[in-house]
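Here is what each chain is made of, one letter per residue.
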Amino acid sequence: MQLQVDVIASIGEARAVDLNQHTVIVIDVLRATSTIITALANGAASVLPVETVGQARQQYAEGDVLGGERFCKKIAGFDLGNSPHEYTSSWCLNKRIVLTTSNGTRAIQKAVRAEHVLAGAFLNASACARLALSLRRNVALLCTGTQDAFAFEDALCAGMILHEMMSDHRAGTIVTNDLGMLALSAYKQHKGHIHDAVRQCSSGKRLLKLGFSDDVEYCSLTNQVHLVPTLHEHLLIPHRESS
Ligand SMILES: O=C(O)[C@H](CS(=O)(=O)O)OP(=O)(O)O
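The following refers to the structure shown. (Residues numbered from 1 in each chain as written. Predicted model: local features only at pLDDT ≥ 70, side-chain atom pairs only at ≥ 80, totals over all residues. Heavy atoms only, no water.)

### Looking at the pattern of salt bridges
When the charged atoms of two side chains with opposite charge come close together, those side chains can pair. Across all of its chains, the model carries 5 salt bridges by this definition. The salt bridge involving Arg-137 is made with Glu-115; its shortest N-O contact spans 2.9 Å. Residue Arg-137 is located in the loop between α6 (125–135) and β8 (139–143), and its partner Glu-115 is located in the loop between α5 (104–110) and β7 (116–120); the two are separated by 22 residues in the primary sequence. The class of Glu-115 is partly exposed, set by a relative accessible area of 37%. (Salt bridge = Lys/Arg side-chain N within 4 Å of Asp/Glu carboxyl O. Helix = DSSP H or I, 4+ residues; strand = E, 2+ residues; numbered from the N terminus. Buried < 20%, exposed > 50% of the residue type's maximum accessible area, 1.4 Å probe, protein only.)

Right, dumping it as structure tokens:
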């Protein structure tokens, strides 16, 4: 079996790629997919990603948790912002989380035409790699970025997932694009000190300046969670690996 596993630099570039019959792994390390992974790991039943604040308010139903940010800060009137640390089990257990963020939830919406849509981050990189291999579809690693600009931390995570896929004994031949080769090299260079690298990227520096150093540190942790948020009828639900 040969799999094509390409890295896509931004949401804007995703529009030009035919994602039908693909598995798309949406990566927004700082912080949307890290938040989504954490909420589901802490017992949320599902996450409904929406693009705008208006849609979030409209979709909200009694019993939901309303979460999201603009300019990194919690939206007025919402229950939670976009810090993974807010999504504790006391908030999340058995709840539907309606979430809108500046970039990550928009990227998920852009990927809906794919056959499979997964949410990836450093937190669940290995689990993403294993699930993507089991789905036996070509893979697009979508780096969400910030306001359509390339984000180093997302590409670094893409490089880690690609490395994990290539290292899996079940994988046949895996071929990638030029950006995939770059992401793989970057991961091999920064492997073992991911946090240092993430702190130095523009999103990391922005969050540090705003006092979110705990988020930058937590979102840089690798393979802490063994579930993969998977999109089913517009809802992200946890695909749990059999233990
Ligand atoms: O909440 C975040 O960390 C970012 C905000 S910004 O793009 O860095 O201003 O949003 P996300 O959708 O998680 O990238």
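### Description of the packing of aromatic side chains
A full pass over the atoms with the stated rule returns 0 aromatic pairs. Between Arg-31 and the ring centre of Phe-212, over which it is positioned, the NZ or CZ distance is 4.6 Å. (Phe/Tyr/Trp six-rings, centres within 6.5 Å; stacked < 30°, edge-to-face > 60°. Lys NZ or Arg CZ within 6 Å of the ring centre and 35° of its normal.)

### Remarks on the site of the ligand
Taken together, 14 residues lie around the ligand, and Asp-28, Arg-31, Asn-82, Thr-101 and Asn-103 are the ones closest in. Within the backbone of Leu-30, an N or O atom sits 3.2 Å from an oxygen atom of the ligand. One of the backbone N or O atoms of Gly-104 is found 2.9 Å from an oxygen atom in the ligand. Taken by itself the ligand offers 370 Å² of open surface, and the protein chains cover 97% of this. Classifying every residue of the shell around the ligand by side-chain character gives 4 nonpolar, 6 polar and 4 charged. (Near = heavy atom within 4 Å. Polar contact = N/O pair within 3.5 Å; in protein donor to acceptor, adjacent residues only side chain to side chain. Areas by Shrake-Rupley, 256 points an atom, 1.4 Å probe, with all protein chains shown as cover. Nonpolar A, V, L, I, M, F, W, Y, C, P; charged D, E, K, R; others polar.)

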